[in-house]
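Survey of secondary and tertiary structure
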Amino acid sequence: MNSTDFRRYGKEMIDYVADYMETVNGRRVTPDVEPGFLRDLIPPEPPKNPEKFTEIMDDVDTKFMPGITNWQHRNFHAFFPTANSYPSILGELLSSGTGCAAFSWAASPAGTELEIIMLDWVGKMLNLPTCFLHENNTGGGVMQNSATDCILACFLTARYTALSRMKRMSEWENADDAIMASKLVAYTSELAHSSVLKCAAISLVKIRKLEVDENFSLRGPTLEEAIKEDRAQGLIPFFVCATVGTTSCCSFDNVSEIADVCDDEEIWLHVDAAYAGNALICPEFRYLIRGIEGVDSLNMNAHKGMLLNFECSLMWVRDCHKLTSGFTMNPLYLQHNHTNDAINFMNWGIPLTRRIRALKLWFVIRTYGVEGLQKNQRERVRLAKMFEESVRGDNRFEVVGQVTLGLVCFRLKGPNVASKKLLHRINESGKLYMVPAIMGEIYVIRFTIITENANDSDVLYAWKVISKIADKLPPAVSV
Ligand code: PLP
(Lines give C-alpha, C1' and ligand atoms only; values in the text may rest on other atoms or scores of the structure.)
Protein backbone atom coordinates (compact mmCIF):
# COMPACT_ATOMS: atom_id res chain seq x y z
CA MET A 1 0.00 0.00 0.00
CA ASN A 2 1.44 3.37 -0.92
CA SER A 3 0.73 6.73 0.73
CA THR A 4 -1.97 7.63 -1.83
CA ASP A 5 -3.88 4.45 -1.03
CA PHE A 6 -3.25 4.96 2.66
CA ARG A 7 -4.77 8.46 2.54
CA ARG A 8 -7.81 7.12 0.74
CA TYR A 9 -8.42 3.98 2.81
CA GLY A 10 -7.39 5.74 6.02
CA LYS A 11 -10.14 8.33 5.55
CA GLU A 12 -12.58 5.56 4.75
CA MET A 13 -11.50 3.74 7.89
CA ILE A 14 -12.19 6.81 10.03
CA ASP A 15 -15.68 6.91 8.46
CA TYR A 16 -16.07 3.19 9.11
CA VAL A 17 -15.22 3.62 12.80
CA ALA A 18 -17.44 6.72 13.16
CA ASP A 19 -20.32 4.83 11.47
CA TYR A 20 -19.77 1.92 13.84
CA MET A 21 -19.84 4.20 16.88
CA GLU A 22 -22.97 5.97 15.60
CA THR A 23 -24.87 2.78 14.84
CA VAL A 24 -23.57 0.34 17.44
CA ASN A 25 -26.72 0.68 19.55
CA GLY A 26 -28.75 -0.83 16.72
CA ARG A 27 -26.82 -4.12 17.00
CA ARG A 28 -27.19 -6.94 19.52
CA VAL A 29 -24.92 -6.29 22.51
CA THR A 30 -23.42 -9.78 22.29
CA PRO A 31 -23.02 -11.66 19.00
CA ASP A 32 -25.19 -14.63 18.19
CA VAL A 33 -22.31 -16.98 17.34
CA GLU A 34 -20.85 -20.26 18.57
CA PRO A 35 -17.18 -21.13 19.19
CA GLY A 36 -15.40 -21.86 15.92
CA PHE A 37 -17.78 -19.73 13.79
CA LEU A 38 -14.93 -17.83 12.13
CA ARG A 39 -13.15 -21.00 11.01
CA ASP A 40 -16.06 -21.62 8.65
CA LEU A 41 -15.73 -18.15 7.14
CA ILE A 42 -11.98 -17.52 6.82
CA PRO A 43 -9.71 -19.78 4.75
CA PRO A 44 -7.42 -22.01 6.82
CA GLU A 45 -4.35 -20.99 4.80
CA PRO A 46 -2.96 -17.44 4.34
CA PRO A 47 -3.31 -15.96 0.81
CA LYS A 48 -0.41 -16.63 -1.50
CA ASN A 49 -0.97 -13.48 -3.56
CA PRO A 50 -1.78 -9.91 -2.49
CA GLU A 51 -5.43 -9.09 -1.98
CA LYS A 52 -7.20 -5.77 -2.42
CA PHE A 53 -7.89 -3.65 0.67
CA THR A 54 -11.53 -3.40 -0.40
CA GLU A 55 -11.76 -7.21 -0.29
CA ILE A 56 -10.31 -7.25 3.21
CA MET A 57 -12.83 -4.63 4.34
CA ASP A 58 -15.70 -6.62 2.82
CA ASP A 59 -14.68 -9.54 5.01
CA VAL A 60 -14.33 -7.28 8.03
CA ASP A 61 -17.87 -6.11 7.48
CA THR A 62 -19.51 -9.43 6.76
CA LYS A 63 -17.43 -11.95 8.73
CA PHE A 64 -15.57 -10.22 11.55
CA MET A 65 -17.89 -7.47 12.81
CA PRO A 66 -20.94 -9.74 13.25
CA GLY A 67 -18.83 -11.78 15.71
CA ILE A 68 -17.71 -9.02 18.04
CA THR A 69 -19.13 -8.22 21.45
CA ASN A 70 -20.12 -4.58 21.34
CA TRP A 71 -18.37 -3.12 24.37
CA GLN A 72 -19.33 0.40 23.34
CA HIS A 73 -23.04 -0.45 23.18
CA ARG A 74 -25.18 1.57 25.58
CA ASN A 75 -26.68 -1.70 26.90
CA PHE A 76 -23.31 -3.28 27.70
CA HIS A 77 -23.15 -3.21 31.52
CA ALA A 78 -20.49 -5.86 32.16
CA PHE A 79 -17.10 -5.76 33.90
CA PHE A 80 -15.99 -2.17 34.60
CA PRO A 81 -16.44 0.90 32.39
CA THR A 82 -14.41 0.83 29.22
CA ALA A 83 -15.77 3.86 27.39
CA ASN A 84 -13.87 4.72 24.27
CA SER A 85 -13.68 8.26 22.90
CA TYR A 86 -12.72 9.84 19.59
CA PRO A 87 -9.64 11.72 20.89
CA SER A 88 -8.39 8.47 22.41
CA ILE A 89 -8.75 6.63 19.09
CA LEU A 90 -6.91 9.44 17.32
CA GLY A 91 -4.11 9.31 19.89
CA GLU A 92 -3.72 5.57 19.21
CA LEU A 93 -3.69 6.21 15.49
CA LEU A 94 -0.88 8.72 15.83
CA SER A 95 1.04 6.34 18.07
CA SER A 96 0.77 3.63 15.39
CA GLY A 97 1.63 6.19 12.74
CA THR A 98 4.93 7.09 14.39
CA GLY A 99 5.84 3.39 14.58
CA CYS A 100 8.00 4.38 17.51
CA ALA A 101 8.96 2.36 20.61
CA ALA A 102 9.41 4.26 23.88
CA PHE A 103 11.61 1.85 25.82
CA SER A 104 14.50 4.22 26.41
CA TRP A 105 14.88 7.98 26.30
CA ALA A 106 16.96 7.69 23.12
CA ALA A 107 14.49 5.30 21.47
CA SER A 108 11.89 8.05 21.78
CA PRO A 109 12.79 11.23 23.67
CA ALA A 110 9.36 12.80 23.13
CA GLY A 111 7.50 9.55 23.86
CA THR A 112 9.42 9.09 27.12
CA GLU A 113 9.06 12.69 28.23
CA LEU A 114 5.37 12.87 27.36
CA GLU A 115 4.79 9.73 29.45
CA ILE A 116 6.64 11.31 32.39
CA ILE A 117 4.59 14.50 32.14
CA MET A 118 1.28 12.63 31.71
CA LEU A 119 1.91 10.45 34.77
CA ASP A 120 2.59 13.61 36.76
CA TRP A 121 -0.56 15.24 35.31
CA VAL A 122 -2.75 12.31 36.32
CA GLY A 123 -0.95 12.00 39.68
CA LYS A 124 -1.90 15.62 40.34
CA MET A 125 -5.47 15.04 39.13
CA LEU A 126 -5.75 12.25 41.74
CA ASN A 127 -4.05 14.46 44.33
CA LEU A 128 -1.38 11.81 44.99
CA PRO A 129 1.26 12.75 47.56
CA THR A 130 4.17 14.48 45.80
CA CYS A 131 6.49 11.54 46.55
CA PHE A 132 4.77 9.69 43.66
CA LEU A 133 5.58 12.37 41.10
CA HIS A 134 8.57 12.48 38.76
CA GLU A 135 8.89 16.14 39.66
CA ASN A 136 10.03 14.96 43.08
CA ASN A 137 12.91 12.89 41.57
CA THR A 138 12.57 9.89 43.91
CA GLY A 139 9.20 8.54 42.79
CA GLY A 140 7.23 8.56 39.57
CA GLY A 141 4.77 6.87 37.29
CA VAL A 142 4.88 4.61 34.25
CA MET A 143 2.39 3.10 31.79
CA GLN A 144 2.14 -0.69 31.64
CA ASN A 145 0.19 -3.16 29.50
CA SER A 146 -2.38 -3.94 32.16
CA ALA A 147 -3.20 -3.73 35.85
CA THR A 148 -1.85 -7.27 36.12
CA ASP A 149 1.51 -6.08 34.76
CA CYS A 150 1.50 -3.19 37.27
CA ILE A 151 0.82 -5.53 40.18
CA LEU A 152 3.40 -8.03 38.93
CA ALA A 153 6.08 -5.33 38.56
CA CYS A 154 5.47 -4.24 42.17
CA PHE A 155 5.22 -7.83 43.40
CA LEU A 156 8.60 -8.67 41.85
CA THR A 157 10.13 -5.44 43.17
CA ALA A 158 8.91 -6.22 46.67
CA ARG A 159 10.36 -9.73 46.36
CA TYR A 160 13.69 -8.35 45.10
CA THR A 161 13.77 -5.83 47.98
CA ALA A 162 12.95 -8.53 50.55
CA LEU A 163 15.57 -10.93 49.17
CA SER A 164 18.21 -8.16 49.16
CA ARG A 165 17.38 -7.41 52.78
CA MET A 166 17.62 -11.11 53.70
CA LYS A 167 21.01 -11.44 52.01
CA ARG A 168 22.37 -8.83 54.38
CA MET A 169 21.46 -11.06 57.36
CA SER A 170 24.06 -13.56 58.53
CA GLU A 171 21.41 -16.29 58.67
CA TRP A 172 20.85 -16.09 54.90
CA GLU A 173 24.30 -15.00 53.77
CA ASN A 174 25.03 -17.78 51.26
CA ALA A 175 21.49 -18.98 50.73
CA ASP A 176 20.03 -19.59 47.33
CA ASP A 177 17.36 -17.08 46.17
CA ALA A 178 14.84 -19.87 45.62
CA ILE A 179 15.29 -21.14 49.19
CA MET A 180 14.85 -17.63 50.59
CA ALA A 181 11.80 -16.98 48.38
CA SER A 182 10.18 -20.13 49.76
CA LYS A 183 10.01 -18.34 53.13
CA LEU A 184 8.25 -15.26 51.77
CA VAL A 185 4.53 -14.69 52.18
CA ALA A 186 2.24 -12.05 50.65
CA TYR A 187 -1.30 -11.01 51.65
CA THR A 188 -4.39 -9.79 49.93
CA SER A 189 -8.12 -9.93 50.63
CA GLU A 190 -10.44 -12.73 49.57
CA LEU A 191 -12.06 -10.18 47.23
CA ALA A 192 -8.83 -9.13 45.50
CA HIS A 193 -8.73 -9.56 41.73
CA SER A 194 -7.49 -12.96 40.53
CA SER A 195 -4.52 -11.19 38.95
CA VAL A 196 -2.96 -10.80 42.43
CA LEU A 197 -3.00 -14.59 42.84
CA LYS A 198 -1.56 -14.96 39.35
CA CYS A 199 1.31 -12.62 40.32
CA ALA A 200 2.05 -14.76 43.39
CA ALA A 201 2.05 -17.91 41.24
CA ILE A 202 4.44 -16.34 38.74
CA SER A 203 6.69 -15.07 41.54
CA LEU A 204 6.73 -18.50 43.21
CA VAL A 205 5.78 -17.11 46.61
CA LYS A 206 3.03 -17.97 49.05
CA ILE A 207 -0.01 -15.74 49.28
CA ARG A 208 -2.78 -15.66 51.88
CA LYS A 209 -6.29 -14.49 51.08
CA LEU A 210 -7.58 -12.73 54.18
CA GLU A 211 -11.15 -12.37 55.35
CA VAL A 212 -13.01 -9.11 54.85
CA ASP A 213 -15.37 -7.46 57.35
CA GLU A 214 -19.12 -6.93 56.95
CA ASN A 215 -18.43 -4.08 54.48
CA PHE A 216 -16.26 -6.39 52.35
CA SER A 217 -13.17 -4.47 53.50
CA LEU A 218 -9.80 -5.88 54.59
CA ARG A 219 -8.92 -4.36 57.97
CA GLY A 220 -5.59 -3.76 59.72
CA PRO A 221 -6.16 -6.12 62.69
CA THR A 222 -6.94 -9.06 60.34
CA LEU A 223 -3.66 -8.48 58.55
CA GLU A 224 -1.78 -8.02 61.81
CA GLU A 225 -3.07 -11.35 63.12
CA ALA A 226 -2.09 -13.20 59.92
CA ILE A 227 1.40 -11.72 60.02
CA LYS A 228 1.81 -12.78 63.64
CA GLU A 229 0.77 -16.36 62.82
CA ASP A 230 3.12 -16.54 59.85
CA ARG A 231 6.11 -15.10 61.67
CA ALA A 232 5.56 -17.74 64.37
CA GLN A 233 5.84 -20.35 61.58
CA GLY A 234 9.19 -18.90 60.45
CA LEU A 235 7.75 -17.19 57.36
CA ILE A 236 8.73 -13.69 56.19
CA PRO A 237 5.83 -11.37 55.28
CA PHE A 238 6.95 -9.04 52.46
CA PHE A 239 4.03 -7.77 50.33
CA VAL A 240 0.42 -6.70 50.75
CA CYS A 241 -1.91 -5.85 47.90
CA ALA A 242 -4.89 -3.82 49.15
CA THR A 243 -7.77 -3.09 46.78
CA VAL A 244 -9.52 0.23 46.43
CA GLY A 245 -12.62 -0.73 44.46
CA THR A 246 -12.84 -4.54 44.34
CA THR A 247 -13.99 -6.12 41.09
CA SER A 248 -16.77 -8.11 42.72
CA CYS A 249 -18.55 -5.28 44.49
CA CYS A 250 -16.40 -2.13 44.50
CA SER A 251 -15.61 -2.38 48.20
CA PHE A 252 -12.63 -0.62 49.73
CA ASP A 253 -9.89 -2.10 51.89
CA ASN A 254 -8.88 0.10 54.80
CA VAL A 255 -5.64 1.49 53.36
CA SER A 256 -4.90 3.64 56.38
CA GLU A 257 -5.00 0.75 58.89
CA ILE A 258 -3.14 -1.57 56.50
CA ALA A 259 -0.44 1.05 55.86
CA ASP A 260 0.21 1.35 59.61
CA VAL A 261 0.71 -2.42 59.89
CA CYS A 262 2.97 -2.54 56.81
CA ASP A 263 5.03 0.34 58.12
CA ASP A 264 5.65 -1.41 61.45
CA GLU A 265 6.51 -4.69 59.70
CA GLU A 266 8.66 -3.37 56.81
CA ILE A 267 6.26 -4.76 54.23
CA TRP A 268 5.74 -3.35 50.71
CA LEU A 269 2.20 -2.06 50.39
CA HIS A 270 0.66 -1.90 46.93
CA VAL A 271 -2.81 -0.52 46.23
CA ASP A 272 -4.75 -1.91 43.30
CA ALA A 273 -7.12 0.92 42.38
CA ALA A 274 -7.66 -0.36 38.82
CA TYR A 275 -11.22 0.94 38.65
CA ALA A 276 -11.85 3.24 41.61
CA GLY A 277 -8.60 5.17 41.13
CA ASN A 278 -10.38 7.05 38.35
CA ALA A 279 -12.91 8.48 40.79
CA LEU A 280 -10.16 10.18 42.76
CA ILE A 281 -10.09 12.92 40.16
CA CYS A 282 -13.18 14.17 42.03
CA PRO A 283 -12.26 15.60 45.45
CA GLU A 284 -15.41 14.17 47.05
CA PHE A 285 -14.18 10.58 46.47
CA ARG A 286 -10.63 11.01 47.78
CA TYR A 287 -11.64 9.80 51.24
CA LEU A 288 -11.74 6.32 49.66
CA ILE A 289 -7.95 6.18 49.59
CA ARG A 290 -7.25 7.68 53.01
CA GLY A 291 -3.78 6.51 54.06
CA ILE A 292 -2.27 6.77 50.57
CA GLU A 293 0.76 8.57 52.01
CA GLY A 294 1.82 5.25 53.61
CA VAL A 295 1.69 3.24 50.37
CA ASP A 296 4.71 2.12 48.30
CA SER A 297 2.97 1.78 44.94
CA LEU A 298 -0.43 1.92 43.29
CA ASN A 299 -2.04 1.25 39.94
CA MET A 300 -5.09 2.47 38.09
CA ASN A 301 -6.58 1.61 34.71
CA ALA A 302 -7.35 4.98 33.12
CA HIS A 303 -9.35 3.03 30.52
CA LYS A 304 -11.81 2.20 33.32
CA GLY A 305 -13.08 5.73 33.78
CA MET A 306 -11.24 8.42 31.86
CA LEU A 307 -12.75 7.89 28.38
CA LEU A 308 -9.69 6.06 27.08
CA ASN A 309 -9.66 2.87 25.06
CA PHE A 310 -7.69 -0.09 26.32
CA GLU A 311 -5.19 -0.30 27.40
CA CYS A 312 -4.06 2.57 29.54
CA SER A 313 -2.73 1.16 32.81
CA LEU A 314 -0.90 3.59 35.03
CA MET A 315 1.33 2.80 37.97
CA TRP A 316 3.17 4.98 40.46
CA VAL A 317 5.95 4.13 42.93
CA ARG A 318 7.31 6.15 45.81
CA ASP A 319 10.89 4.99 45.17
CA CYS A 320 11.74 4.37 41.54
CA HIS A 321 15.26 3.19 42.41
CA LYS A 322 13.81 0.17 44.18
CA LEU A 323 11.69 -0.53 41.09
CA THR A 324 14.51 -0.22 38.57
CA SER A 325 17.05 -2.14 40.69
CA GLY A 326 15.41 -5.45 39.92
CA PHE A 327 14.60 -4.74 36.27
CA THR A 328 17.70 -3.01 34.88
CA MET A 329 19.65 -4.91 32.25
CA ASN A 330 22.27 -3.00 30.34
CA PRO A 331 23.27 -4.67 27.08
CA LEU A 332 25.39 -2.54 24.77
CA TYR A 333 22.68 -2.32 22.10
CA LEU A 334 20.33 -0.57 24.54
CA GLN A 335 22.84 1.92 25.91
CA HIS A 336 22.88 5.54 24.76
CA ASN A 337 24.44 8.88 25.65
CA HIS A 338 21.86 9.50 28.36
CA THR A 339 21.59 6.00 29.80
CA ASN A 340 22.41 7.27 33.27
CA ASP A 341 20.82 10.72 33.32
CA ALA A 342 17.43 10.11 31.64
CA ILE A 343 14.49 7.84 32.36
CA ASN A 344 14.47 4.58 30.42
CA PHE A 345 11.08 2.97 30.89
CA MET A 346 12.38 -0.46 29.85
CA ASN A 347 13.79 -0.57 33.41
CA TRP A 348 10.40 0.17 35.01
CA GLY A 349 8.72 -3.13 34.22
CA ILE A 350 8.86 -6.38 32.28
CA PRO A 351 8.58 -5.68 28.53
CA LEU A 352 11.27 -4.00 26.49
CA THR A 353 9.36 -2.75 23.47
CA ARG A 354 6.42 -0.52 24.36
CA ARG A 355 4.38 1.78 22.17
CA ILE A 356 3.69 5.42 22.97
CA ARG A 357 0.47 5.28 24.97
CA ALA A 358 0.93 8.73 26.47
CA LEU A 359 -0.35 10.38 23.28
CA LYS A 360 -3.94 9.20 23.80
CA LEU A 361 -3.84 10.26 27.43
CA TRP A 362 -2.60 13.71 26.40
CA PHE A 363 -5.29 14.01 23.70
CA VAL A 364 -8.09 12.98 26.06
CA ILE A 365 -7.09 15.13 29.03
CA ARG A 366 -6.74 18.18 26.78
CA THR A 367 -9.95 17.55 24.84
CA TYR A 368 -12.17 17.11 27.92
CA GLY A 369 -10.19 19.08 30.49
CA VAL A 370 -10.11 17.92 34.10
CA GLU A 371 -13.59 19.32 34.64
CA GLY A 372 -15.01 17.38 31.70
CA LEU A 373 -13.56 14.13 33.04
CA GLN A 374 -14.88 14.88 36.54
CA LYS A 375 -18.32 15.53 35.09
CA ASN A 376 -18.19 12.17 33.32
CA GLN A 377 -17.27 10.41 36.60
CA ARG A 378 -20.06 12.07 38.53
CA GLU A 379 -22.62 11.25 35.85
CA ARG A 380 -21.68 7.56 36.07
CA VAL A 381 -22.25 7.60 39.82
CA ARG A 382 -25.58 9.42 39.42
CA LEU A 383 -26.81 6.82 36.91
CA ALA A 384 -25.69 3.94 39.14
CA LYS A 385 -27.63 5.46 42.04
CA MET A 386 -30.65 5.78 39.77
CA PHE A 387 -30.40 2.08 38.91
CA GLU A 388 -29.99 1.26 42.62
CA GLU A 389 -33.28 3.05 43.34
CA SER A 390 -35.09 0.92 40.76
CA VAL A 391 -33.74 -2.26 42.35
CA ARG A 392 -34.71 -1.11 45.85
CA GLY A 393 -38.18 -0.20 44.61
CA ASP A 394 -38.96 -3.81 43.61
CA ASN A 395 -39.35 -6.10 46.61
CA ARG A 396 -38.36 -9.21 44.65
CA PHE A 397 -34.81 -7.83 44.50
CA GLU A 398 -32.07 -6.70 46.87
CA VAL A 399 -28.91 -4.60 46.52
CA VAL A 400 -25.78 -6.21 47.99
CA GLY A 401 -23.00 -4.01 49.39
CA GLN A 402 -22.85 -0.25 49.03
CA VAL A 403 -23.20 1.72 45.82
CA THR A 404 -20.34 4.18 46.13
CA LEU A 405 -19.25 4.65 42.52
CA GLY A 406 -20.62 3.35 39.23
CA LEU A 407 -21.28 -0.31 40.12
CA VAL A 408 -24.47 -1.83 41.51
CA CYS A 409 -24.52 -5.45 42.75
CA PHE A 410 -28.02 -6.84 42.97
CA ARG A 411 -29.86 -10.16 43.08
CA LEU A 412 -33.25 -11.77 43.40
CA LYS A 413 -33.95 -12.47 47.07
CA GLY A 414 -33.64 -16.14 47.99
CA PRO A 415 -31.36 -18.88 46.69
CA ASN A 416 -28.60 -18.07 44.20
CA VAL A 417 -30.15 -20.23 41.51
CA ALA A 418 -32.84 -17.61 40.83
CA SER A 419 -30.32 -14.86 40.08
CA LYS A 420 -28.20 -17.25 38.01
CA LYS A 421 -31.20 -18.13 35.90
CA LEU A 422 -32.20 -14.49 35.57
CA LEU A 423 -28.75 -13.43 34.38
CA HIS A 424 -28.59 -16.33 31.96
CA ARG A 425 -31.90 -15.31 30.38
CA ILE A 426 -30.95 -11.63 30.22
CA ASN A 427 -27.64 -12.29 28.49
CA GLU A 428 -29.21 -14.85 26.18
CA SER A 429 -31.71 -12.21 25.02
CA GLY A 430 -28.84 -10.12 23.60
CA LYS A 431 -30.59 -7.02 24.92
CA LEU A 432 -28.23 -6.36 27.82
CA TYR A 433 -24.94 -7.80 28.93
CA MET A 434 -23.89 -8.13 32.57
CA VAL A 435 -21.57 -10.47 34.48
CA PRO A 436 -21.95 -12.06 37.93
CA ALA A 437 -19.72 -12.09 41.00
CA ILE A 438 -19.64 -14.10 44.16
CA MET A 439 -19.36 -12.37 47.52
CA GLY A 440 -18.76 -15.04 50.11
CA GLU A 441 -21.62 -17.42 49.34
CA ILE A 442 -23.80 -14.79 47.72
CA TYR A 443 -24.20 -14.71 43.95
CA VAL A 444 -24.78 -11.20 42.59
CA ILE A 445 -25.35 -9.62 39.20
CA ARG A 446 -23.11 -6.64 38.50
CA PHE A 447 -24.50 -3.61 36.69
CA THR A 448 -22.13 -0.90 35.61
CA ILE A 449 -22.48 2.18 33.45
CA ILE A 450 -20.13 2.19 30.51
CA THR A 451 -20.53 4.52 27.57
CA GLU A 452 -19.62 8.17 27.27
CA ASN A 453 -23.15 9.27 26.45
CA ALA A 454 -25.01 6.97 28.86
CA ASN A 455 -28.16 8.63 30.18
CA ASP A 456 -31.35 8.09 32.19
CA SER A 457 -33.10 6.28 29.35
CA ASP A 458 -30.39 3.56 29.33
CA VAL A 459 -30.99 2.90 33.00
CA LEU A 460 -34.77 2.85 32.53
CA TYR A 461 -34.43 0.49 29.58
CA ALA A 462 -32.08 -1.85 31.47
CA TRP A 463 -34.44 -2.04 34.42
CA LYS A 464 -37.42 -2.66 32.13
CA VAL A 465 -35.62 -5.60 30.47
CA ILE A 466 -34.49 -7.05 33.82
CA SER A 467 -37.89 -6.82 35.52
CA LYS A 468 -39.75 -8.18 32.48
CA ILE A 469 -37.45 -11.22 32.31
CA ALA A 470 -37.83 -11.68 36.08
CA ASP A 471 -41.65 -11.64 35.61
CA LYS A 472 -41.33 -14.61 33.27
CA LEU A 473 -39.17 -16.79 35.55
CA PRO A 474 -41.09 -19.79 36.94
CA PRO A 475 -42.48 -18.97 40.43
CA ALA A 476 -40.19 -21.45 42.20
CA VAL A 477 -37.26 -19.67 40.63
CA SER A 478 -38.39 -16.07 41.06
CA VAL A 479 -39.14 -16.90 44.76
N1 PLP B 1 -7.61 -5.28 39.50
C2 PLP B 1 -8.91 -4.94 39.50
C3 PLP B 1 -9.52 -4.32 40.74
C4 PLP B 1 -9.68 -5.14 38.34
O5 PLP B 1 -10.98 -4.83 38.36
C6 PLP B 1 -9.06 -5.71 37.21
C7 PLP B 1 -9.85 -5.95 35.98
O8 PLP B 1 -10.99 -5.62 35.86
C9 PLP B 1 -7.71 -6.05 37.28
C10 PLP B 1 -7.01 -5.83 38.45
C11 PLP B 1 -7.01 -6.67 36.09
O12 PLP B 1 -6.90 -5.72 35.09
P13 PLP B 1 -6.08 -5.96 33.74
O14 PLP B 1 -7.03 -6.60 32.81
O15 PLP B 1 -5.72 -4.57 33.28
O16 PLP B 1 -4.90 -6.79 34.04
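As the structure is a computational prediction, the values presented were derived from the model and not from experiment.

Criteria and thresholds
- Per chain, residue numbering runs from 1 following the sequence as it is written.
- Only residues with pLDDT of at least 70 are given local features in this predicted model, and only at 80 or more are side-chain atom pairs given and counted; all residues enter the totals for whole chains, interfaces and linings.
- Here the side-chain values reflect all heavy atoms present in the structure, with hydrogen atoms and water set aside.
- For helices the rule is a DSSP run of H or I covering at least 4 residues; for strands it is a run of E covering at least 2, with both sets numbered from the N terminus onward.
- Only C-alpha atoms enter the radius of gyration; for comparison, a globular chain is expected to reach 2.2 Å times N to the power 0.38, where N is the number of residues.
- The contact definition used throughout considers only heavy atoms, calling two residues in contact when any of these lie within 4.5 Å.
- The charged-residue count follows a simple rule in which Lys and Arg add positive charge and Asp and Glu add negative charge, with His and chain termini not counted at all.
- A single reference atom marks each charge: NZ on Lys, CZ on Arg, CG on Asp, CD on Glu.
- To qualify as a nonpolar core, a set must consist of buried Ala, Val, Leu, Ile, Met, Phe, Trp, Tyr and Cys residues joined through side-chain atoms within 4.5 Å.
- For every residue, the accessible area obtained with a 1.4 Å probe (protein chains only) is divided by the maximum for its type, and the residue is called buried under 20%, exposed over 50%, and partly exposed between those limits.
- As used throughout, domain bounds are those supplied by an automatic or database domain assignment.
- We call a residue near a given molecule or strand whenever any one of its heavy atoms falls within 4 Å of it.
- Definition of a polar contact: a pair of N or O atoms within 3.5 Å, with one able to donate and the other able to accept a hydrogen when the atoms are protein atoms, and with sequence-neighbouring residues admitted only if both atoms are side-chain atoms.
- Grid points spaced at 1 Å over the protein atoms alone were grouped into cavities, where a 1.4 Å probe fits but cannot get out, and pockets, open sets with protein on both sides within 12 Å along at least five of seven lines, with lining residues defined by an atom within 4 Å of a point.
- More than half of a molecule's atoms within 2 Å of the grid points is what it takes for that molecule to sit in a cavity or pocket.
- Under this grouping Gly is polar, as are all residues other than the nonpolar Ala, Val, Leu, Ile, Met, Phe, Trp, Tyr, Cys and Pro and the charged Asp, Glu, Lys and Arg.
- Strands qualify as paired when DSSP identifies two bridges or more between them.
- The handedness of a crossover follows from its direction of travel: if, with the strands pointing away from the viewer, the path from the first strand over the helix to the second runs clockwise, the crossover is right-handed.
- Grid points are joined across faces, edges and corners, and a volume is the space filled by probe spheres set on the points.
- Summed over both partners, buried area is the accessible surface (1.4 Å probe) that two parts give up on being assembled.
- For salt bridges, the criterion is a side-chain nitrogen of Lys or Arg within 4 Å of an Asp or Glu carboxyl oxygen.

**Structural notes on the overall build of the chain**
Each helix and strand in the chain was counted, giving 14 helices and eleven strands. Relative to a compact globule of 479 residues, whose C-alpha radius of gyration would be 23 Å, the chain shows 24 Å and is just as compact. Overall, the C-alpha framework of the chain stretches about 70 × 65 × 45 Å when taken along its three principal axes. Sequence separation of at least 24 residues holds for 73% of the intrachain contacts in the chain that already meet a minimum separation of 6. Side chains of the chain give 50 positive and 58 negative charges; the mean places of these two sets differ by 4 Å.

**Quick notes on the nonpolar core**
V122, M306, L314, W316, L361 and L405 are the most contacted members of the largest nonpolar core, which totals 74 residues. Element by element, the count of residues in this core is highest for helix α11 (residues 358–392), at seven residues. Among the domains, domain 2 (100–354) and domain 3 (378–478) are the pair contributing at least three residues each to this core. The next biggest cluster of nonpolar side chains, apart from the first, holds 34 residues, and it includes L163, W172, M315 and L323.

**As for the site of the ligand**
The environment of the ligand is made up of F80, S146, A147, T148, H193, S195, G245, T247, D272, A274, N301 and K304. The backbone of A147 places a nitrogen or oxygen atom 2.8 Å from an oxygen atom of the ligand. The cavity that encloses the ligand is the second largest pocket. For the shell around the ligand, a count of residues per class yields three nonpolar, seven polar and two charged.

**Here we look at the pairing of strand β3 (residues 206–210)**
Bridge analysis of strand β2 (residues 184–189) against β3 gives five bridges, and the strand direction is parallel. Paired with T188 across the strands is K209, a residue of β3. Taken together, β2, helix α7 (residues 194–203) and β3 form a β-α-β motif whose crossover is right-handed.

**Focus: empty space enclosed by the protein**
Going through the model one piece at a time under the given rule, you end up with one cavity of 30 Å³ or more. Quantified by volume, the largest cavity comes out at close to 40 Å³. Residue lining of the largest cavity: P81, Y275, K304, G305, Q377, R380, V381, L405 and G406, and that is the complete set. Residues that form the lining of the largest cavity fall into these classes: four nonpolar, three polar and two charged. If you count residues domain by domain, the lining of the largest cavity takes at least three from each of domain 2 (100–354) and domain 3 (378–478).

**Examining the domain arrangement of the chain**
Entries for the chain in the domain assignment read domain 1 (3–82), domain 2 (100–354) and domain 3 (378–478). The centre of domain 2, based on its C-alpha atoms, is set 33 Å off from the matching centre of domain 3. Contact residues are listed per partner, giving 18 residues for domain 2 and 15 residues for domain 3. Between domain 2 and domain 3, roughly 1,300 Å² of surface is buried when both sides are summed, and carbon and sulfur atoms account for 67% of that area. On the domain 2 side of the contact with domain 3, F216, S248 and Y275 bury the most area, a combined 31% of that side's loss. At the boundary of domain 2 and domain 3, one finds one salt bridge. At the boundary of domain 2 with domain 3, the tally comes to three residue pairs in polar contact (both at pLDDT 80 or more). Residues that form the side of domain 2 that touches domain 3 fall into these classes: 14 nonpolar, three polar and one charged.

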